[in-house]
Amino acid sequence: MATPESFGRLEQRLGQVWEIAQHFNLDPFPTHFEIIPPEIMHEIGSTGLPERFSHWTHGKTYRQLQTRYNYGLSVIYEVVINSDPALAFLLENNFDVENTTIMAHVLGHTDFFKHNYHFKKTRKDLPHAAAISAARIRDYEFKYGREPVEQFLDAALSIAEHIDPFQATRLPKEDQLAKWKAEYEEGQKPKTGMGEFDDLFEKSPSKDAGITKEEHQPMPIPLQPEKDLVGFIADFAPYLEDWQKDILHIVRMESSYFHPQGRTKIMNEGYATYWHKIIMREMSDKGFLDQEEQIKWIAMHTGVITPTLKGLNPYYFGMKMFDFIEDYHNGNLEDAEKRWLDKEKLPVFPKYKGEYVGSPGNKMVREIMKGDDDQSFIRNYFNKIPADRMGMYVYEELAEAGQKLTIIADRGWERIRERLVASMNNDGNPYLVVTDANHNRNQSLYIKHLYEGRELELKYLEKTFPHLHTLWGRPVYVETVVGGNRVIFSYDGKQISQTA
Amino acid sequence: MPYIEQRVFISREDYSLRRSGPKNAARHDEKVKDAIKGNLDQIIFDGAIITADPKSKKRVRIPLRSLILPHIIHKESKDGVGSGPGDVGDVISTEPGQGSGQGAGQTPGQETYETEILLEDLQALVFADLGLPFLKPKQHQQLETDTILFDDVRAKKTPGNLDIFRTLTENMKRNAIEGGEARIFGIRPEDYRVRTWRNEVRQENAAAVIFKRDFSGSMGPVETYLVQAFGWWTVAFLRSKYPKVETAFIVHDTQAYEVSESDYFRRNDGGGTTCSSAYVLEREIIDKRFSPDRYNVYSLHFSDGDNWNNDDQKCVGLVREMLGLGVAQVGFIQVASSSNSSLRTALTAGIQHDRFAAIVVPDKKAVLPGLKAYFNAQKQFAA
């Protein structure tokens, strides 16, 4: 329990942890830890950001977290916010040594946020921005009514993940249209391959100079397929009020903030777990922890890294990957593992005999965390050795005699890697693009699902259509692939139809 | 050291006034309630609810798919990765049900949100719209119920119920009398004012409900289930809103038998069908125990309408007599299949009376509308 004197102890612990982290060359954002009661932890855990706008989905998660907590089923240990300075929250009910471990873990995260490439472009003041957005939304609730705002928020949130993470800002609509128009007219000029020397060729200029009125096609909007559904709809939907456009932009901004975290979840949690393990071991070696504390932190750690029969525990998998990278570069492999590397003609490094700090393993761990996201991390560094160390397999589900059986299908590391990498395309979300904002010449929205072998869950698509219609205000089309065939669904505000 | 120069920093703020978490949760609870209300006709026939003892403090689970915010997502795949021991081909888990293909009416693997609600609260939602029609005060028997009204303010100290406003008011009054100035000062036990309750005896109009159920061979499991559902909700509704109401239960095939409540719901032997036998027995019960000048009598007959050939007109005659006697409302509830059965046709043709209700319950969804049709408290005698 956090009493004034235990607060002092935690401060002391933080100092010790930080000293050790620095010793190991961690370089995090300034990190502000706050001790909070469970209800607040669940509130922030449910919204993802302190002071975020209200929504019933947050209320639902809050309710679930509170209930699980009250039944002793699970406890969120940490919430860390990617900002500068970074924010982290500690449960006041935790034992001191648990919070100490969490502080070490958090410093791994904030080091990751500072150095991983995918976080470079995210704004670092999001807690502040989110609070301002929340205030504006509360204002809209006041002005326009709680129901209309909630209905619109529901609709905006239903497509929140379909943004373009590589395009942080959008041009205002007029500027975007002008830019497209310029590109389009360039593209409409006849291509003879020489451009400025056209007039020297045989064909008379009068025939080919420019395009005649009849041949001129209206410029498609968008000019190229747009992945940013939220942003595009915000800018180009025909009937939106200003407050509605604002809500879409808020949702887009917060979605962009969460996006890199989704993409690097395994690396990030693995990295933080890897470091809290090293830091706490050092705390123990230095005599800062008594025996009871040592047992407690190891119990907590073990609980966190429990592997799962079905699915991936990011803490376990990520940590084991970094362990492997460290062992590999410090020449700390088993003989069988080395033999496999030889067979695959992969380099084997000599056994490193010095201190961990400054070792090749230490250096490579910190280097590799900078450049990858989960998908490239696995593609580049996962191989037979970590697969075997973790006892991994690909499983399949079969229906047999009224039961659903799950069986081990393959322990081959290449198949495991392939399965993992494939599931991470576009962060696991379907890749949707807007191809036409004026389909059928009546301002219908046409969205194409870029099918890559995974079909859409049609029942959910059905339920999302009304939300798309709420946003766009005109008929909406979604083209996808079902059972190998191209299918187009459409919704006109009343019912869903299917063609092709 | 100033905060900005320190790389790591720990603090503790006061969160006692933060209410966003509960506020969001309250908004969600509201939506849950709306969703339940909107889905009542589907929820109320859930098997777990029907068999539950209404007096128990049981919480029932209700699936509410409408409270998942939809997204455009991939279909769940039938494979994945995991960690653990075993050889290729070993089974690592077994679950009942179909494979990861589309299960009927449910999206597999995706969250099916369930909520729990106290049976009492669920019933309250259902009963909100139900009431006894054509209810009249009856001369002879006045029944009594104890109602608890929390509206009395006395000078007794029970700290939890301290009425602060009145206490302070008393204090100011006393200070004005004693010290010449009406101010809040020196609160003493004699100032305490406490909210408490008194028992009020309320008059309830005497009522009796007679259930008649066709349990002949033609009543299959589907029909029987609908009768049970309707009957269960009727009994629960009566017990909740009209606790002193009297009941009688009749089952019939070619003969009619008066049975206990639990037997009414369970018996299933059934031979041929002679509906008039039930009406005759009912009339005997009315004559002996529930005279319409002393009771508001409600008659309900559940059947699939399949009746012995020449019996229909006899039933019509018996119903006419009951209405003539002053029975408050007679209802014929045909379960399963909305086609016109012989008895229903005969009854609707033979009886044009606003206190006769012919209701069809072809499927589960029609149970709640059926209840509302019979227990329509809007229908009362013209003043």
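Computed from a prediction, not measured in an experiment: that's the story for all the values here.

Undergrad: Explain the overall build of chain B to me, please; I cannot follow it from the model alone.
TA: Summing up its helical and strand segments, chain B has 11 helices and 13 strands in all. Counting all 383 residues of chain B, 45% fall into the buried class. Relative to all contacts within chain B whose residues are 6 or more apart in sequence, the contacts with residues 24 or more apart total 80%. Roughly 19400 Å² of accessible area belongs to chain B as shown, and the carbon and sulfur atoms make up 50% of that amount.

Undergrad: Would you explain the environment of Arg27 of chain B in this entry?
TA: Checked against the element boundaries, Arg27 of chain B lands in helix 1 (residues 20-38). For the pair Arg27 of chain B and Ser339 of chain B, spaced 312 residues apart in sequence, the C-alpha separation works out to 44 Å. Setting aside residues up to four positions removed in sequence, Arg27 of chain B forms contacts with Trp56, Arg146, Glu147 and Glu150 of chain A. Engagement of the side chain of Arg27 of chain B in a polar contact is seen with the side chain of Glu150 of chain A, the distance being 2.5 Å.

Undergrad: How do you make sense of a nonpolar patch on the surface when you look at a structure like this?
TA: A contiguous nonpolar patch, built from Met172, Ile184 and Ile187 of chain B and spanning about 240 Å² of accessible area, is present on the exposed surface. Its location among the elements puts Ile187 of chain B in the loop between helix 5 (164-179) and strand 7 (194-205).

Undergrad: I tried to follow the side chain of Ser83 of chain B on my own but got confused; where do I start?
TA: Residue position: Ser83 of chain B is located in strand 3 (residues 79-83). For Ser83 of chain B, a relative accessible area of 7% corresponds to the buried category. Of note is the side chain of Ser83 of chain B, whose polar atom sits 3.3 Å from the backbone oxygen of Met390 of chain A. Leave out the neighbours within four places in its chain, and Ser83 of chain B touches Pro307, Thr308, Leu309, Tyr316, Met390, Gly391, Met392 and Tyr393 of chain A.

Undergrad: Can you walk me through the sheet that holds strand 7 (residues 444-449) of chain A in this structure?
TA: All names here are of chain A. Pairing in this open sheet of 5 strands is mixed, and the strands run 6-7-8-9-10 from one edge to the other. The open sheet is flanked by strand 6 (432-439) and strand 10 (496-499), the only strands paired with a single partner. Pairwise comparison of adjacent strand axes, ignoring direction, gives a mean angle of 25 degrees for this sheet. Looking at chain direction, strand 8 (residues 476-482) and strand 9 (residues 485-491) are connected through 7 bridges and run antiparallel. Bridging from a neighbouring strand, Val482 pairs with Asn485 of strand 9.

Undergrad: Quick question: what am I supposed to make of the sheet that holds strand 8 (residues 207-214) of chain B here?
TA: Remark on secondary structure: sheet strands pair via backbone hydrogen bonds, oriented parallel or antiparallel. Residues and elements named next belong to chain B. Ordered in space as 10-9-8-11-12-13, the 6 strands form an open sheet in which the pairing is mixed. On the outer flanks of this sheet lie strand 10 (256-259) and strand 13 (356-361), each paired with one strand and no other. Pairwise comparison of adjacent strand axes, ignoring direction, gives a mean angle of 20 degrees for this sheet. Sheet topology places strand 12 (residues 329-335) next to strand 13; 6 bridges connect them, and they run parallel. Bridge pairing in strand 13 links Ile333 to Ile359. Sitting on the sheet, helix 6 (residues 221-241) is in contact with strand 8, strand 9 (246-252), strand 11 (296-303), strand 12 and strand 13, with an inclination near 170 degrees to strand 8.

Undergrad: Whenever I open this one, the nonpolar core confuses me. Can you help?
TA: Burial of nonpolar side chains together is a common tendency in soluble globular proteins. The biggest cluster of nonpolar side chains holds 70 residues, and the ones touching the most others in it are Phe33, Trp275, Phe317 and Phe382 of chain A together with Ile10 of chain B. In contact with Phe317 of chain A, other than residues within four places in its own chain, are Ile266, Leu312, Ile378, Phe382, Met390, Met392 and Leu420 of chain A. Listed in part, the 48 residues of the second largest apolar core include Ala134, Ala160, Leu248 and Leu468 of chain A.

Undergrad: Explain the domain arrangement of chain A to me, please; I cannot follow it from the model alone.
TA: Much of the literature gives interface size as the accessible area that the parts lose upon coming together. When the domains of chain A are assigned, the result is domain 1 (4-116 + 264-305) and domain 2 (426-499). Distance from the C-alpha centre of domain 1 of chain A to the C-alpha centre of domain 2 of chain A: 41 Å.

Undergrad: What should I look at first to understand the packing of aromatic side chains in this one?
TA: One pair of aromatic rings is described through two measures. These are the centre distance and the angle between the planes. For the structure shown, the criterion picks out 35 aromatic pairs over all chains. Feature note: the residues Phe24, Phe112, Phe113, Phe119, Tyr271, Tyr274, Trp275, Phe322, Tyr356, Phe377 and Tyr381 of chain A constitute an aromatic cluster, connected by ring pairs. Across from the ring centre of Phe95 of chain A, 4.2 Å away, lies the NZ or CZ of Lys296 of chain A, which sits over that ring. Lying over the aromatic face of Phe185 of chain B, Arg183 of chain B brings its terminal NZ or CZ to 4.3 Å of the ring centre.

Undergrad: When you look at helix 14 (residues 335-343) of chain A in this model, what are you seeing that I'm missing?
TA: A turn of α-helix holds 3.6 residues, and therefore any two residues three or four places apart point the same way. Residues and elements named next belong to chain A. What helix 14 keeps buried is the set Glu337, Trp340 and Leu341. Looking straight down helix 14, one finds its buried side chains confined to an arc of 100 degrees; they lie on one side. Exposed and facing more than 90 degrees away from the buried side of helix 14 are Asp335, Arg339, Asp342 and Lys343. For helix 14, the secondary structure elements touched by its buried residues are helix 13 (314-329), helix 17 (384-389) and helix 18 (413-423). One or two residues past the end of helix 14 sits Lys345, with phi positive at roughly 60 degrees.

Undergrad: So what exactly am I meant to see when it comes to the interface of chain B and chain A here?
TA: In this assembly, 62 residues from chain B lie in contact with 93 residues from chain A. At the boundary of chain B with chain A, total buried surface from both sides reaches about 7100 Å², with 54% on carbon and sulfur atoms. Counting the contacts that link chain B with chain A gives 8 salt bridges. In this structure, the salt-bridge partner of Lys75 of chain B is Glu455 of chain A, at a minimum N-O distance of 3.6 Å. Linking chain B with chain A are 34 residue pairs in polar contact (both at pLDDT 80 or more), by the criterion used here. Elements represented by at least two residues in the side of chain B that touches chain A include exactly strand 1 (8-11), helix 1, strand 3 and strand 4 (91-96) of chain B. In terms of residue count, the dominant contributor to the side of chain B that touches chain A is helix 1 of chain B (11 residues). Tallied by class, residues from the side of chain B that touches chain A come to 20 nonpolar, 25 polar and 17 charged.

Undergrad: Please clarify how the state of the cysteines should be interpreted in this entry.
TA: Within this structure, the stated rule accounts for 0 disulfides over all chains. Between Cys275 of chain B, a free cysteine, and Cys315 of chain B, which holds the nearest cysteine sulfur, the sulfur-to-sulfur gap is 5.2 Å.

Undergrad: What exactly am I supposed to notice about the pairing of strand 9 of chain B here?
TA: Consecutive side chains of a regular strand alternate in pointing toward one face of the sheet and then the other. All names here are of chain B. Counting buried residues in strand 9 gives 5 out of 7 residues, a clear majority hidden from the surface. Relative to strand 9, strand 8 runs parallel, the two sharing 7 bridges. For Asp214, the partnering residue across the bridge sits in strand 9 and is His252. Pairing analysis gives 4 bridges linking strand 9 to strand 10, with the strands arranged antiparallel. Note on strand 10: the bridge partner recorded for Phe249 is Val259.

Undergrad: I tried to follow unusual backbone geometry on my own but got confused; where do I start?
TA: Leave glycine aside and you will find that most residues have negative phi; peptide bonds, for their part, are mostly trans. Residues and elements named next belong to chain A. In this chain, Asp84 is followed by Pro85 through a cis amide linkage whose omega measures 5 degrees. Along the chain, Pro85 turns up in the loop between strand 2 (79-81) and strand 3 (86-91). The omega torsion of the bond from Ile221 to Pro222 falls at 0 degrees, within 30 degrees of zero and hence cis. Relative to the assigned elements, Pro222 resides in the loop between helix 8 (205-208) and helix 9 (229-236). Phi at Asp427 is positive, roughly 55 degrees, even though this residue is not glycine. Mapped onto the secondary structure, Asp427 falls in the loop between helix 18 and strand 6. The class for Asp427 is partly exposed, based on a relative accessible area of 30%. In this structure, Asn440 is a non-glycine residue whose phi angle is positive, near 60 degrees. Within the secondary structure, Asn440 is located in the loop between strand 6 and strand 7.

Undergrad: Is there a simple way to think about the packing of helix 6 (residues 146-158) of chain A against helix 19 (residues 458-472) of chain A in this case?
TA: Residue and element names in this part refer to chain A. The interhelical angle for the contact between helix 6 and helix 19, taken along N-to-C directions, is 115 degrees, at an axis separation of 8 Å. The angle between helix 6 and helix 19 places the two elements in the roughly perpendicular class. Two packed elements cross with a definite hand, and for helix 6 against helix 19 that hand is left-handed. Touching Phe152, Asp154, Ala155, Ala156 and Ser158 of helix 6 are Thr464, His467, Thr470 and Leu471, all from helix 19.

Criteria and cut-off values
- Residues numbered from 1 in each chain as written.
- Chains lettered and ligands numbered in written order.
- Predicted model: local features only at pLDDT ≥ 70, side-chain atom pairs only at ≥ 80, totals over all residues.
- Heavy atoms only, no water.
- Helix = DSSP H or I, 4+ residues; strand = E, 2+ residues; numbered from the N terminus.
- Buried < 20%, exposed > 50% of the residue type's maximum accessible area, 1.4 Å probe, protein only.
- Contact = heavy atoms within 4.5 Å.
- Areas by Shrake-Rupley, 256 points an atom, 1.4 Å probe, with all protein chains shown as cover.
- Polar contact = N/O pair within 3.5 Å; in protein donor to acceptor, adjacent residues only side chain to side chain.
- Patch = residues over 30% accessible without salt bridge, like charges linked within 9 Å, V, L, I, M, F, W, Y side chains within 5 Å.
- Salt bridge = Lys/Arg side-chain N within 4 Å of Asp/Glu carboxyl O.
- Pairing = 2+ DSSP bridges.
- Axes fitted to C-alpha atoms, helices over the stretch in contact; angles between N-to-C directions.
- Core = buried A, V, L, I, M, F, W, Y, C linked by side-chain atoms within 4.5 Å.
- Domains from an automatic or database assignment.
- Phe/Tyr/Trp six-rings, centres within 6.5 Å; stacked < 30°, edge-to-face > 60°.
- Lys NZ or Arg CZ within 6 Å of the ring centre and 35° of its normal.
- Arc of directions from axis to C-beta.
- Buried area = accessible area lost by both parts, 1.4 Å probe.
- Nonpolar A, V, L, I, M, F, W, Y, C, P; charged D, E, K, R; others polar.
- Disulfide = S-S within 2.5 Å.
- Parallel < 35°, antiparallel > 145°, perpendicular 65-115°, else oblique.
- Left-handed = near helix turned anticlockwise from the far one by under 90°.

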